[in-house]
Amino acid sequence: MYSIIKNKILKHFETSNLKEKINKRGMLYTFTKDYKYYLCEINVENEKVEGCQLLTNAEYNNTISKTAMSKSLVYGKYNKNILFPVNLGSFDEFRKIIKIENSLESQDQTFLLDKPYLYIFEINSEKERIYNFLFENNEARLIISGNSANNRFNFVGNDQVIKNENRSRFDENLLTGCASFLNMKFKNDSIFSKNMKCEDAVNVINSEGKINEVEILKSEYDGLDLDYSNILINKMFISESGNDCSDFSFGNYIIHESIVDECGDKGFSFGETSKAVVKNSLIKNSLIGLVSKDNSFVKVENSKAINVKEYCLSAYNKKPEFEGGTIIKSNFICEKESLKEFQDLKSSIR
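Residues numbered from 1 in each chain as written. Predicted model: local features only at pLDDT ≥ 70, side-chain atom pairs only at ≥ 80, totals over all residues. Heavy atoms only, no water.

Thoughts on the sheet that holds strand β1 (residues 27-33)
Across the sheet, which stays open at both edges, the four strands sit in the order β3-β2-β1-β6 with mixed pairing between neighbours. Both edges of this open sheet fall to β3 (49-55) and β6 (86-90), since each of them pairs with a single strand only. Averaged over all neighbouring strand pairs, the angle between strand axes comes to 20°, with direction disregarded. The sheet contact formed by β1 and β6 spans three bridges and is parallel. Within β6, the position partnered with threonine 30 by the bridge is asparagine 87. (Pairing = 2+ DSSP bridges. Helix = DSSP H or I, 4+ residues; strand = E, 2+ residues; numbered from the N terminus. Axes fitted to C-alpha atoms, helices over the stretch in contact; angles between N-to-C directions.)

Set out below in structure tokens:
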């Protein structure tokens, strides 16, 4: 079905001009092609492409992550039915895949990622090793998989390289992280990141175990993103993230001690049925302190929020397929005279 829809849209591109605005009376599909963003409409009855239009970066991102917040922008209609847009990812060719060889003889290894490739690194080590990954190309992506114990992973971007603003939040593999840990088992490992320009500096997916220390500095967008994982973080320091300092979804998470500073949006964001405990945390110089949304349950203990512009704590429902969020606080201090907390009718802060 994906191939049928994709081929119909590509054929339409060859024979028809773009529209300034489509009618949005059929099924809507978003995708990227040649580093641009598009929205196309397919007639529900005759299954023909009615038209396609260009989207701005902000409009495209909105169709992916904020559909529940802006119905008039992205929803299609057929009779009395509301049709949700479907993201088809990227229509560009898949990038070349390079496997990085792991030398078990060397204790300190450095790898140069200077091509727009997908680099694969497999690890099975319980010795104390340092792995340095230097991102000299902003389109390079890295996936690390396997079993790790007592290792340190350093991810360093080149702050002199200009980011391509036409790039999608997702690549053709739907990866959002510059460095992604996939199917990892951690045991007392450490993660360091600086100057990353992807949607997520570091993304942990479908992984488990204990991470001893996380330090993430100067991320263009999100600092740390964890999905579908069961992770305990002993110490965490994240500073200067353009968007969220940390983002958690679909998993179980414990953070024993943390400082999140200068977060463009949220210090902590828990969503999509996450269960979490945040202890001994200092949240400062950010837009929002801690958020629990979409069936997430968060305990925050012995923590403080300083110089937060909006809410220290916020619980709400964002996506229509979920309900609200819950926050249980114990010895939580908000240094703000007003607007300390927000909760919608589906959510609870107590």
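Some remarks on the pattern of salt bridges
In the structure shown here, the tally under the stated rule is eight salt bridges. Aspartate 114 is the partner of lysine 115 in a salt bridge, and the nearest nitrogen-oxygen pair spans 3.6 Å. With a relative accessible area of 32%, aspartate 114 lands in the partly exposed category. Among the ionic pairs, glutamate 272 bridges to lysine 319, the shortest N-O distance being 2.8 Å. Pair noted here: glutamate 272 is in the loop between β20 (266-271) and β21 (275-279) and lysine 319 is in the loop between β25 (313-316) and β26 (326-334), with a separation of 47 residues, a long-range link. Judged by its relative accessible area of 11%, glutamate 272 is buried. Classification of lysine 319 by relative accessible area gives partly exposed; the value is 26%. One salt-bridge network, in which partners are shared between bridges, spans Asp244, Asp265 and Lys266. (Salt bridge = Lys/Arg side-chain N within 4 Å of Asp/Glu carboxyl O. Buried < 20%, exposed > 50% of the residue type's maximum accessible area, 1.4 Å probe, protein only.)

Brief notes about the confidence of the model for the protein chain
For the protein chain, per-residue confidence averages 87 on the pLDDT scale, and residues scoring 70 or more make up 90% of the total. Across the protein chain, β21 holds the top mean pLDDT of 97, while helix α3 (residues 71-74) sits lowest at 52. Under a pLDDT of 50 for its full length, residues 66-72 has, in the predicted model, 13 contacts with residues more than four places off or in other chains. In the predicted structure, residues 164-172 sits below a pLDDT of 50 and forms 32 contacts with residues beyond four places in sequence or in another chain. (pLDDT = per-residue confidence, 0-100. Contact = heavy atoms within 4.5 Å.)

A word on the packing of aromatic side chains
Think of a pair of aromatic rings as described by two things: how far the centres are apart, and how the planes are tilted against each other in angle. Under the criterion given, the structure shown has 21 aromatic pairs. Taken together through their ring pairs, the aromatic side chains of Phe111, Phe121, Tyr131, Phe133, Phe153, Phe155, Phe181 and Phe186 make up a single cluster. (Phe/Tyr/Trp six-rings, centres within 6.5 Å; stacked < 30°, edge-to-face > 60°.)

Here's the deal with the side chain of serine 303
Following the sequence through the fold, serine 303 ends up in strand β24 (residues 297-306). For serine 303, a relative accessible area of 3% corresponds to the buried category. A polar contact of 3.0 Å, which involves the side chain of serine 303, links it to the backbone nitrogen of serine 281. Within the local environment of serine 303, its side chain forms a polar contact with the backbone oxygen of glutamate 301, the two atoms lying 2.8 Å apart. (Polar contact = N/O pair within 3.5 Å; in protein donor to acceptor, adjacent residues only side chain to side chain.)

Focus on the state of the cysteines
Inspection of every chain in the model, using the stated rule, returns four disulfides. Across a sulfur-sulfur distance of 2.0 Å, cysteine 40 and cysteine 52 are joined as a disulfide pair. Taking the sign of the torsion about the S-S bond as the criterion, the disulfide between cysteine 40 and cysteine 52, at about 110°, is right-handed. Remark: cysteine 52 occurs in strand β3 and cysteine 40 occurs in strand β2 (residues 36-42); sequence separation between them is twelve residues. For cysteine 52, a relative accessible area of 0% translates into the label buried. The disulfide pattern of the protein chain is 1-2, 3-4, 5-6, 7-8 when the bonded cysteines are numbered in sequence order. (Disulfide = S-S within 2.5 Å.)

What about the nonpolar core?
The tendency in soluble globular proteins is for nonpolar side chains to be buried side by side. Within the largest apolar cluster, 57 residues are counted, with the highest numbers of intra-cluster contacts made by Phe133, Leu142 and Phe155. At six residues, the largest contribution of residues to this core is made by strand β13 (residues 177-194). Core analysis: the next-biggest nonpolar cluster, separate from the first, contains eleven residues, Ile42, Val49, Leu88 and Phe91 among them. (Core = buried A, V, L, I, M, F, W, Y, C linked by side-chain atoms within 4.5 Å.)

Observations concerning helix α1 (residues 2-15)
Its 14 residues give α1 an end-to-end C-alpha distance of 20 Å, which sits within 8% of 20 Å, the value for a rise of 1.5 Å per residue. All of the buried residues along α1 are Ile5, Ile9 and His12. The buried side chains of α1 occupy one side of the element, clustering within an arc of 60° when seen end-on. The exposed residues of α1 that point more than 90 degrees off its buried face are Lys11, Glu14 and Thr15. Close packing links the buried residues of α1 with β1, β2, β3 and β6. (Expected span 1.5 Å × (residues − 1). Arc of directions from axis to C-beta.)

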